[in-house]
Amino acid sequence: MKVAIVGCGGISHAHFNSWRRMEDVTIVGVCDVRPECMTEYVNACKAHPYEDCRTMLETEKPDILDICLPTYLHVEYSLMALEMGINVVCEKPISLKREDVARVYGTAKKHNCKFMVAQVLRFWPEFSELKEIIETERYGKLLSGEMHRLGYRPNWSWNGWMTKKELSGMVPYDLHIHDLDWLVYALGAPKSAVRYRTERPDQDFLHAVYDYGDYFIMCDSSWFKGKIPWNSGFRFQFEEAVVINNNGSLAVYDKDGTAQEGVAAADSGVLNLPTTDAYYNELRYFADCVKENRDPDRVKPEELETVIDLLNAF
Ligand SMILES: NC(=O)c1ccc[n+]([C@@H]2O[C@H](COP(=O)([O-])OP(=O)(O)OC[C@H]3O[C@@H](n4cnc5c(N)ncnc54)[C@H](O)[C@@H]3O)[C@@H](O)[C@H]2O)c1
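None of the values given here were measured: they were computed from a predicted structure.

**Re the packing of aromatic side chains**
In step 1: Under the defined criterion, the tally for this structure stands at eleven aromatic pairs.
In step 2: Between Trp-124 and Tyr-279 the ring centres are 6.0 Å apart and the planes differ by 70°, which places this aromatic pair in the edge-to-face class. Of this pair, Trp-124 sits in the loop between β6 (115–118) and α6 (125–136) while Tyr-279 sits in helix α9 (residues 278–291), and the two are 155 residues apart along the sequence.
In step 3: Ring pairing ties together the aromatic residues Phe-127, Trp-182, Phe-234 and Phe-236, which thus form one cluster.
In step 4: Over the aromatic face of Tyr-280 sits the side chain of Arg-21, whose NZ or CZ is 4.3 Å from the ring centroid.
In step 5: Above the ring of Tyr-285, the side-chain terminus of Arg-298 is found at 5.1 Å from the ring centroid.

Take a look at the structure:
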């Protein structure tokens, strides 16, 4: 399978490393407006470098375009590739606007292409384990949950796009979207929510409590202005156990102590991210859907719309 990547900044490293691990995939092209960002990739796998995405698509005719561009370019480049009959996997979020979800999925359908937004927590081993624990009631009913993520303000982004609200959506769309998307995927839409947010020029942080009737989930997400180490995790409390995930390690404590620990991790790239195989899992899933002509419905458009509605309430 031929894969091309557009956008060779921070997150592209996790994608590039994942594609390279797949024996049935050849990275035929990489594209970035900054040629220096492509050097490492071109040297590593002989992919052809391009500064213009349309030229890359017309020349290389890839089976899959992997979009790792800034958020505000996701819709435009997805539509471009889909209209050329090319399958697209696109980094999150697809857009800050609900109506774009139907636009992009509609275009994919019209051109008989596969399209998926790379909502990585849906492929994250610790989160998959948690989903199974909830669904099987292995430790009884869920009583409450807490999810958090804290990173430093992404000043490294190209032209500072990430720190401009209209371009990135800031913390709701950079960080909180991960946890909220997983909640909507695993538990459905909450019945109601209470939200707090403080936006300052140099920091942005939010708290939310999502009410599911029988239990509630508390989330916090923030950018700190200094170079703080990445911190993310969750703590879910059940009738018979507490399940804790901290920076990539999972532990289950039942009434007698630690019952189970550890989920495998692998290197995910150069961003300040926890180590995980999740990026590989999501891209492998999409590649298999393309290969086997299956709908990549682990990520559903109606769930993406629900998440955008909830995020736009901040
Ligand atoms: N899933 C995750 O864990 C995760 C983590 C980080 C970022 N992301 C998402 O990935 C996307 C990219 O984020 P990033 O941190 O890599 O940003 P970045 O600014 O580091 O990289 C974006 C790259 O796109 C290039 N670019 C800009 N316009 C272009 C164009 N028209 N054609 C070709 N190249 C162009 C820039 O030169 C830059 O190298 C964002 O939407 C973000 O939300 C996801």
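Having seen it, we continue.
**Re empty space enclosed by the protein**
In step 1: Summed over the entire model, instances satisfying the criterion amount to one cavity of 30 Å³ or more.
In step 2: By volume, the largest cavity is sized at about 60 Å³.
In step 3: The set of elements that each furnish at least two residues to the lining of the largest cavity consists of α8 (170–187) and α10 (301–311).
In step 4: The element best represented in the lining of the largest cavity is α10, accounting for three residues.
In step 5: Looking at the lining of the largest cavity, its residues break down into seven nonpolar, two polar and one charged.

**Thoughts on the site of the ligand**
In step 1: Around the ligand, 26 residues are found, and the nearest of them are Asp-32, Arg-34, Trp-158, Trp-161 and Tyr-279.
In step 2: Interatomic distance of 3.4 Å between a backbone N/O atom of Leu-69 and an oxygen atom of the ligand.
In step 3: A distance of 2.9 Å separates an oxygen atom of the ligand from a polar side-chain atom of Thr-71.
In step 4: Here the ligand has 850 Å² of accessible area as a free molecule, and 95% of this is covered by the chains.
In step 5: Residues of the shell around the ligand, tallied by class, amount to 15 nonpolar, seven polar and four charged.
In step 6: Both domain 1 (2–118) and domain 2 (121–276) contribute no fewer than three residues apiece to the shell around the ligand.

Rules used throughout
- Residues numbered from 1 in each chain as written.
- Predicted model: local features only at pLDDT ≥ 70, side-chain atom pairs only at ≥ 80, totals over all residues.
- Heavy atoms only, no water.
- Phe/Tyr/Trp six-rings, centres within 6.5 Å; stacked < 30°, edge-to-face > 60°.
- Helix = DSSP H or I, 4+ residues; strand = E, 2+ residues; numbered from the N terminus.
- Lys NZ or Arg CZ within 6 Å of the ring centre and 35° of its normal.
- 1 Å grid on protein atoms, 1.4 Å probe; cavity = no way out; pocket = protein on both sides within 12 Å on 5 of 7 lines; lining within 4 Å.
- Points joined across faces, edges and corners; volume = space filled by probe spheres on them.
- Nonpolar A, V, L, I, M, F, W, Y, C, P; charged D, E, K, R; others polar.
- Near = heavy atom within 4 Å.
- Polar contact = N/O pair within 3.5 Å; in protein donor to acceptor, adjacent residues only side chain to side chain.
- Areas by Shrake-Rupley, 256 points an atom, 1.4 Å probe, with all protein chains shown as cover.
- Domains from an automatic or database assignment.

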